[in-house]
Amino acid sequence: MGSQWLRVCPDLIPRTVTSFSCLVCSVRNAIMPFGNTHNNFKLNFKVEEEYPDLTKHNNHMAKVLTKDMYAKLRDKQTSSGFTVDDVIQTGVDNPGHPFIMTVGCVAGDEESYEVFKDLLDPIISDRHSGYKPTDKHKTDLNFENLKGGDDLDPSYVLSSRVRTGRSIKGYTLPPHNSRGERRAVERLSVEALNTLDGEFKGKYYPLNKMSDAEQEQLIADHFLFDKPVSPLLLGAGMARDWPDARGIWHNDAKSFLVWVNEEDHLRVISMEKGGNMKEVFRRFCVGLKRIEETFKKHNHGFMWNEHLGYVLTCPSNLGTGLRGGVHVKLPKLSTHAKFEEILTRLRLQKRGTGGVDTASVGGVFDISNADRLGSSEVDQVQMVVDGVKLMVEMEKKLEKGEAIDSMIPAQK
Amino acid sequence: MPFGNTHNKLKMNYSAEQEYPDLSQHNNHMAKVLTPEMYANLRDKETPSGFTVDDVIQTGVDNPGHPFIMTVGCVAGDEETYEVFKELLDPIIEDRHGGYKPSDKHKTDLNPDNLVGGDDLDPNYVLSSRVRTGRSVRGFCLPPHCSRGERRAIENMAIESLASLDGDLNGQYYALKNMTDDEQQQLIDDHFLFDKPVSPLLLASGMGRDWPDGRGIWHNDGKTFLVWVNEEDHLRVISMQKGGNMKEVFHRFCTGLTKIETLFKDKGHEFMWNEHLGYVLTCPSNLGTGLRAGVHVKLPNMSKHEKFGEVLKRLRLQKRGTGGVDTAAVGGVFDISNADRLGFSEVELVQMVVDGVKTLVEMEKRLEGGQSFDDLMPDQK
């Protein structure tokens, strides 16, 4: 056991230290009697003996993690103790689906993306259309840069929604955080949200103190999130200690909503009925900025860097973390042979009306941007606005029995 | 599988109050015992393999329990867990195992000749008989905590040892991940196949990780002796057959188990055992003998009688549905088994089942005849 300790010791001091207090914490933790890898015995076994069996797997992690890469990373950890086995456990436990390419790994803290670059950079590149380790990501939350978006036909576009996630610097992420950390994130979030006023004035509902009436109302409003059932999330440890320090905040008008400690520290959602995406995006940007200011005032910024943009739990949400989407009636277009091709060219994706991994009902689809990293928030919402406008026009043509071939766009 | 990443180094930056779990809605053994002071004492400790108190309790935090069913709410990650976290586990053991004290000694008796009777349970009522236990291999972490390498090593050891069994114990190993469809169907039909755990109690402790890697089923050609590898414990050993000949089932159980233990020892690996806790297993509820001996028995009248619960209690037996733990009885057929694990030997526990089931069947017959069974009412064992 002694030699194992020495081997992993160098990684206890983080390579990137952002503040003196952070360094002090790390040094103090290095002296504490903790194991360096969660299971101290695994380094007694050879790489071949520990390397996961990924033969039946189809996810980004399985495509990328070679035995040599595993050998290189297996004795490393972030300063909070997150190991490569922690990163990949969800991908090992969920072999994936022949048609749906899941990511198969998560970050436990901001440093995961640095310490396990060897693994995560290729996954990020594969998932985010060839995004390179040297690429820079652009953030643009200036809603005035969005063109149009206030005139999507409400006979077709039933509702509009923009969501993103934010992680608070200095805390580990949902797969890894302790109860104390999670509660601190909740406390900070509630404090920040309670300073919001005007159109953003609202209330926080902690999951573990909700009355039956409050719960009913939140379900009726489609706001309530429940304990994750997806094995993808559960396999990453995100449901530990449920429902401790989880909750939902929303404004009085029910058009701006924040989830606390679900898959990310914060999920911020702006939504409303109808097709006024411009207004939804305006409220999104303004609210998000206000929240960020309050956090900054308390010396807790959001995790962000110029390469990865906003840092979130799942590598698929890096960059903007933004999913801007509508529920839109496309009964004819959705059965057209070129539907998928059109979506691909518009850089959009479809989901059922229950969200990810659900089926569409009554020809109504959730259409949203496919990209997260490498384009800005404004770019992505613009793609949704322009793309949905086009698809609604196509739907109308098909209703009249006309062809849409001339309308099919070039690849964006 | 909500398993715990409970090795977060930053948690020591928070006070014990800030980290102490909210157990206000909870009803399990862990929640009854773990005070904030105890948590404060234990939270910076770990076993040599790195198992922490948060690892021990995660399943109990994530599964608040049931008003009627008292779950344990904690698991061991290795043999040392029971030592390093004694402060927490001793009171839980005491509460769960009828007042068993930290100074008590446990008796092991796997001599089937010491069982009296048991070969004559009425097969019109007793449909099948079964004895199971678990065993842990010393030097390896337990299913909530073991690495893939450790788990595979256990599997390899098991395969090697089981392959040397012969005679009526000659058999074959079926690795879960290599099973053909036919093999799988046959194992399901034989009621042998175990699947990935779905119980949130097991999943929350991390036992489902890397499924189905390193897991498998071995059984003899006669399909009367079965070993599960790397499910809830390193090994689960099961002897079973139709009808009521518990004596024969127990004889095969003891013989097979002793042979397996010898084979492991010959290769330099013993089972986890000590004179206080007996056989050391993942769940504190299975310490001691780890033994559950039971029958599937038809008790349609008895089970509806208001004294059924009381009778079982006095006989130190428990009822389950025919699907095992947390299932319902079907057609008046119950799974009746010993309630105890620790503080009694294997022979004593099987004796209680044999004698108790005999009494229950007699009571059933009385009720069938419209008679009372008051004179058969046993004293508290």
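To start, this report covers the structure provided alongside it. The numbering scheme is per chain: residues are counted from 1 as the chain's sequence reads. Ligands are numbered from 1 and chains lettered from A, in the order in which they are written. Reporting of local features is limited, given that this is a predicted model, to residues whose pLDDT is at least 70; pairs of side-chain atoms are given and counted only at 80 or more, and all residues count toward the totals for whole chains, interfaces and linings. Side-chain numbers here rest on the full set of heavy atoms in the structure, without hydrogens or water.

1. A short note on the overall build of chain A
Next up, step 1: The numbering of helices and of strands both runs from the N terminus, where a helix is a DSSP run of H or I of at least 4 residues and a strand a run of E of at least 2. Each helix and strand counted, chain A has 14 helices and 10 strands in total.
Next up, step 2: All radius of gyration figures rest on C-alpha atoms, and the globule criterion is 2.2 Å times the number of residues raised to 0.38. Rg of the C-alpha trace for chain A: 22 Å, near the compact-globule value of 22 Å for 412 residues, within the 12% margin.
Next up, step 3: Principal-axis analysis of the C-alpha atoms places the extent of chain A at approximately 75 × 50 × 40 Å.
Next up, step 4: Sorting the 412 residues of chain A into buried and exposed places 58% on the buried side.
Next up, step 5: A sequence separation of at least 24 residues applies to 73% of the contacts in chain A between residues at least 6 apart.
Next up, step 6: In these tables, accessible area is a Shrake-Rupley quantity obtained with a 1.4 Å probe, and a residue counts as shielded only by the protein chains included in the view. For chain A, the exposed area adds up to about 16900 Å²; of that, 54% sits on carbon and sulfur atoms.
Next up, step 7: Positive: Lys, Arg. Negative: Asp, Glu. His and the chain ends are not part of the count. All charge positions are set by atom: Lys at NZ, Arg at CZ, Asp at CG, Glu at CD. If you average the places of the 55 positive and of the 57 negative side-chain charges in chain A, the two averages end up 1 Å apart. For every residue, the accessible area obtained with a 1.4 Å probe (protein chains only) is divided by the maximum for its type, and the residue is called buried under 20%, exposed over 50%, and partly exposed between those limits. In what follows, residue pairs with any heavy atoms lying within 4.5 Å of each other are defined as contacts.

2. Comments concerning the overall build of chain B
Next up, step 1: Within chain B one finds 12 helices and 10 strands.
Next up, step 2: At 21 Å, chain B has a C-alpha radius of gyration in line with the 21 Å of a compact globule built from 381 residues.
Next up, step 3: The dimensions of chain B, computed from C-alpha atoms along their principal axes, are 70 × 45 × 40 Å.
Next up, step 4: Out of the 381 residues in chain B, the part that is buried amounts to 61%.
Next up, step 5: Charge separation in chain B, taken as the distance between the mean sites of 43 positive and 59 negative side-chain charges, equals 2 Å.

3. Regarding the sheet that holds strand β8 (residues 292-298) of chain B
Residue and element names in this part refer to chain B.
Next up, step 1: Strands sit in the order β2-β3-β4-β5-β1-β8-β10-β9 across an open sheet of 8 strands; the sheet is antiparallel. Each of the sheet's edge strands pairs with one partner strand only, and the pair in question is β2 (171-175) and β9 (317-320). Going from strand to strand, the sheet's axes swing by 20° on average, the running direction of each strand aside.
Next up, step 2: When DSSP finds at least two bridges between two strands, those strands are taken to pair. In this structure, β8 lies alongside strand β10 (residues 333-338), joined through 5 bridges in antiparallel fashion. Each residue of the ladder has a partner; that of Lys298, found in β10, is Val333.
Next up, step 3: Simply put, an axis is a line fit to the C-alpha atoms, just over the touching stretch for a helix, and the angle between two N-to-C directions goes from 0 to 180 degrees. The strands touched by helix α11 (residues 308-315) are β9 and β10; relative to β9, the strand with the most contacts, the crossing angle is about 130°.

4. Brief notes about the interface of chain B and chain A
Next up, step 1: Taken together, the 50 residues of chain B in the interface contact 60 residues of chain A.
Next up, step 2: Both sides together, the interface formed by chain B and chain A hides about 4300 Å², and carbon and sulfur atoms give 46% of it.
Next up, step 3: The salt bridge criterion pairs a side-chain nitrogen of Lys or Arg with a carboxyl oxygen of Asp or Glu, the two atoms within 4 Å. The interface formed by chain B and chain A holds 3 salt bridges in total.
Next up, step 4: Residue B:Arg148 pairs with A:Asp85 through a salt bridge whose shortest N-O separation is 2.6 Å.
Next up, step 5: For this analysis, a polar contact is any N or O atom pair within 3.5 Å, provided that within protein one partner can donate a hydrogen and the other can accept it, and provided that sequence-adjacent residues contribute only side-chain to side-chain pairs. Our count for the chain B to chain A interface comes out at 21 residue pairs in polar contact (both at pLDDT 80 or more).
Next up, step 6: Mapped onto the side of chain B that touches chain A, the elements with two or more residues apiece are α1 (16-19), α4 (53-62) and α7 (148-163) of chain B.
Next up, step 7: No other element matches the 6 residues that α4(B) contributes to the side of chain B that touches chain A.
Next up, step 8: Residues belonging to the side of chain B that touches chain A are distributed by class as follows: 17 nonpolar, 15 polar and 18 charged. Note on terms: buried area is the combined drop in 1.4 Å-probe accessible area of two parts once they are placed together, counting the loss on both. Amino acid classes used here: Ala, Val, Leu, Ile, Met, Phe, Trp, Tyr, Cys and Pro are nonpolar; Asp, Glu, Lys and Arg are charged; the rest, including Gly, are polar.

5. Details of unusual backbone geometry
Next up, step 1: In this chain, A:Trp242 is followed by A:Pro243 through a cis amide linkage whose omega measures 0°.
Next up, step 2: Here the residue pair B:Trp211 and B:Pro212 is connected by a cis peptide bond, since its omega of 0° sits within 30 degrees of zero.
Next up, step 3: Here the phi dihedral of A:Asn299 falls at roughly 65°; this positive angle occurs in a residue that is not glycine.
Next up, step 4: Along the chain, A:Asn299 turns up in the loop between α12 (277-297) and β6 (304-305).

6. A short note on the nonpolar core
Next up, step 1: Ranked by internal contacts, the top residues of the largest apolar core, which has 61 residues, are B:Val227, B:Met246, B:Met302, B:Ile336 and B:Leu360.
Next up, step 2: A per-element tally of this core places helix α12 (residues 346-368) of chain B first, with 11 residues.
Next up, step 3: If near-sequence neighbours (up to four positions away) are discounted, B:Leu360 is found in contact with B:Leu299, B:Met302, B:Phe308, B:Val311, B:Leu312, B:Leu315, B:Leu317 and B:Ile336.
Next up, step 4: Within the second largest apolar cluster, 60 residues are counted, among which are A:Tyr204, A:Val258, A:Leu330 and B:Tyr14. By nonpolar core is meant a set of buried Ala, Val, Leu, Ile, Met, Phe, Trp, Tyr and Cys residues that side-chain atoms within 4.5 Å join together.

7. With respect to the side chain of B:Asn28
All names here are of chain B.
Next up, step 1: Residue position: Asn28 is located in the loop between α1 and α2 (29-33).
Next up, step 2: A polar side-chain atom of Asn28 sits 3.2 Å from the main-chain amide nitrogen of Met30.
Next up, step 3: Excluding anything up to four places from it in sequence, Asn28 contacts Gly60, Asn63, Pro64, Met70, Thr71, Val72 and Gly73.

8. Quick look at the packing of aromatic side chains
Next up, step 1: Stacked, tilted and edge-to-face are the three classes assigned to paired rings of Phe, Tyr and Trp, where Trp is represented by its six-membered ring and a pair needs centres within 6.5 Å; plane angles under 30 degrees give stacked, over 60 edge-to-face, the rest tilted. One pass over the full model with this rule turns up 15 aromatic pairs over all chains.
Next up, step 2: Their ring planes at 70° and their centres at 5.7 Å tell us that A:Phe339 and A:Phe365 sit as a pair that is edge-to-face. One end of the pair, A:Phe339, is in helix α13 (residues 339-346); the other, A:Phe365, is in strand β10 (residues 364-369), with 26 residues separating them in the sequence.
Next up, step 3: Given a relative accessible area of 3%, A:Phe339 falls into the buried group.
Next up, step 4: Taken together, the ring pairs connect A:Phe200, A:Trp249 and A:Phe256 into an aromatic cluster.
Next up, step 5: In this scheme, Lys NZ or Arg CZ marks a charge over a ring once it lies within 6 Å of the ring centre and within 35 degrees of the ring normal. Of note, A:Arg166 hangs over the ring of A:Tyr310, and the distance from its end group to the ring centre comes to 3.4 Å.
Next up, step 6: The ring centre of B:Tyr279 lies 3.4 Å from the NZ or CZ of B:Arg135, which sits over that ring.

9. Re the packing of α7(B) against helix α10 (residues 246-266) of chain B
Residues and elements named next belong to chain B.
Next up, step 1: Contact pair α7 / α10: the axes reach a minimum separation of 9 Å and the direction vectors enclose 120°. On the basis of their axis angle, the class for α7 and α10 is oblique. Once α7 is placed against α10, the crossing between them reads as right-handed. Of the residues in α10, those in contact with Met157, Ala158, Ser161 and Leu162 of α7 are Ile260, Leu263 and Phe264. In these notes the angle categories are as follows: under 35 degrees is roughly parallel, over 145 is roughly antiparallel, 65 to 115 is roughly perpendicular, and the rest is oblique. Crossings are assigned a handedness: left-handed for a near helix turned anticlockwise from the far helix by less than a right angle, right-handed for a clockwise turn.

10. A few points about the pairing of strand β4 (residues 256-260) of chain A
Residues and elements named next belong to chain A.
Next up, step 1: Judged by how many residues are buried, β4 sits mostly within the fold: 5 of 5 residues are covered.
Next up, step 2: Here β4 shows a buried face lined by Phe256, Val258 and Val260 and a second buried face lined by Leu257 and Trp259.
Next up, step 3: Two strands pair when backbone bridges link them, and strand β3 (residues 247-251) and β4 are joined in this way by 4 bridges, in the antiparallel orientation. Residue pairing in the sheet places Gly247 in a bridge with Val260 of β4.
Next up, step 4: Hairpin connection of β3 to β4: 4 residues between the antiparallel strands, including Lys254 at a positive phi of 60°.
Next up, step 5: Note that β4 and strand β5 (residues 266-273) share 5 bridges and pair antiparallel. Across the sheet, Phe256 pairs through a bridge with Ser270, a residue of β5.
Next up, step 6: Adjacent in sequence and paired antiparallel, β4 and β5 are bridged by 5 residues, among which Asn261 carries a positive phi angle near 60°.

11. Remarks on the pattern of salt bridges
Residues and elements named next belong to chain A.
Next up, step 1: Considering all chains together, one arrives at 56 salt bridges over all chains under this definition.
Next up, step 2: With a shortest N-O distance of 3.1 Å, Asp241 and Arg182 are connected by a salt bridge. Linking Asp241 in the loop between α11 (231-234) and β3 with Arg182 in helix α9 (residues 179-194), this pair joins segments that are 59 residues apart in sequence.
Next up, step 3: Classification of Arg182 by relative accessible area gives buried; the value is 2%.
Next up, step 4: Residue Arg183 pairs with Asp244 through a salt bridge whose shortest N-O separation is 2.6 Å. In this pair, Arg183 is assigned in helix α9 and Asp244 in the loop between α11 and β3, connecting sequence segments 61 residues apart.

12. Here's the deal with the pairing of β3(A)
The side chains of a regular strand alternate between both faces of the sheet.
Residues and elements named next belong to chain A.
Next up, step 1: Within β3, 5 of the 5 residues are buried, leaving the element largely enclosed by the surrounding structure.
Next up, step 2: Here β3 shows two buried faces, one formed by Gly247, Trp249 and Asn251 and the other by Ile248 and His250.
Next up, step 3: When strand β2 (residues 202-206) meets β3, the two strands line up antiparallel, connected through 5 bridges. Residue pairing across strands places Tyr205 opposite Ile248, the latter belonging to β3.

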